[in-house]
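Below, each chain spelled out in residue letters.
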Amino acid sequence: MANPDIVDVATINAESVCFSLTATTTTTLLTVSADVVLKVNSIHAANDDGTNDATIDLSVVKSNFTSAGVTNFDTSGTFVIAQTIPVPADTALSVLDKPIYLMEGDVLKGGASAANDIDILISYEVINDA
């Protein structure tokens, strides 16, 4: 995987997506396209079940990333962002409130302990150098 140049970009588009998470914690939520970097600004989760608590899991699958200046790190594999984070009934929380970058080929996966109880909003910027 190449490391897209975020100085010489063709476009930067602000976007957000929403998901009602399933009970499968390895559901693919986002897959980053070629020549693109996603700057994920925030991930918010809300439990819309009025009675039952639930948990949320999020992970990133890296796909043989090649760094532009760092060595000695895992270039591929599945890495946990959040695991069994409790979201009480009728509450919301910020799962991610500091930006992270997802490189081309990365996959964001997630799920909840109870199907359709947790809704998430992911706010991000698509930085395209193609």
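None of these values were measured; they are calculated from a predicted model.

Cut-offs and rules
- Residues numbered from 1 in each chain as written.
- Predicted model: local features only at pLDDT ≥ 70, side-chain atom pairs only at ≥ 80, totals over all residues.
- Heavy atoms only, no water.
- Helix = DSSP H or I, 4+ residues; strand = E, 2+ residues; numbered from the N terminus.
- Rg over C-alpha atoms; globule rule 2.2 N^0.38 Å.
- Buried < 20%, exposed > 50% of the residue type's maximum accessible area, 1.4 Å probe, protein only.
- Contact = heavy atoms within 4.5 Å.
- Areas by Shrake-Rupley, 256 points an atom, 1.4 Å probe, with all protein chains shown as cover.
- Pairing = 2+ DSSP bridges.
- Axes fitted to C-alpha atoms, helices over the stretch in contact; angles between N-to-C directions.
- Polar contact = N/O pair within 3.5 Å; in protein donor to acceptor, adjacent residues only side chain to side chain.
- Core = buried A, V, L, I, M, F, W, Y, C linked by side-chain atoms within 4.5 Å.

Asker: Please set out the overall build of the protein residue by residue, giving values where relevant.
Answerer: In terms of regular secondary structure, the protein is built from 0 helices and 9 strands. Along the chain direction, N to C, the helices and strands of the protein fall in the order β-β-β-β-β-β-β-β-β. Against the compact-globule benchmark of 14 Å for 130 residues, the protein has a radius of gyration of 16 Å, which places it among compact chains. Projected onto the principal axes, the alpha-carbon positions of the protein cover approximately 50 × 30 × 20 Å. Split into buried and exposed, the 130 residues of the protein put 34% on the buried side. A separation threshold of at least 6 residues defines the contact pool for the protein, and within that pool the share at least 24 residues apart is 87%. When the accessible surface of the protein is summed, it comes to about 6,800 Å², and 51% of that surface belongs to carbon and sulfur atoms.

Asker: Describe the pairing of strand 9 (residues 118–128), and please don't skip the residues or the numbers.
Answerer: Two elements, strand 1 (residues 11–20) and strand 9, share 10 bridges in a ladder whose sense is antiparallel. In the sheet register, Asn13 faces strand 9, and the bridge partner there is Val126. Judged from the 11 bridges that link them, strand 3 (residues 36–47) and strand 9 form a sheet pairing that is antiparallel. If you follow Ala45 over to strand 9, its bridge partner there is Ile120.

Asker: Run through the sheet that holds strand 5 (residues 77–87), naming residues and quoting values.
Answerer: An order of 2-8-4-5 is seen for the 4 strands of this open sheet, with the pairing classed as antiparallel. The sheet is open, and its two edges are formed by strand 2 (27–31) and strand 5, each paired on a single side. Direction aside, the axes of adjacent strands within the sheet are offset by 20° on average. Here 4 bridges tie strand 2 to strand 8 (residues 107–112), and the two strands are oriented antiparallel to one another. Bridging across to strand 8, Thr28 finds its partner in Lys109.

Asker: Now, about the side chain of Asn41: what can you tell me, with residues and values included?
Answerer: As for its placement among the helices and strands, Asn41 is situated in strand 3. Among the polar contacts listed, one links the side chain of Asn41 to the side chain of Glu125, at a separation of 3.4 Å. Filtering out sequence-adjacent residues up to four positions away, Asn41 remains in contact with Leu96, Asp97, Lys98, Pro99, Ser123, Tyr124 and Glu125.

Asker: Hey, could you go over the nonpolar core for me, with residue numbers and the actual values?
Answerer: Soluble globular proteins tend to pack their nonpolar side chains together in the buried interior. Core analysis: the largest hydrophobic core is formed by 25 residues, its most contacted members being Leu38, Ile56 and Ile118. Among the elements of the structure, strand 2, strand 3, strand 4 (54–62), strand 5, strand 6 (92–96), strand 8 and strand 9 are those that each provide at least two residues to this core.

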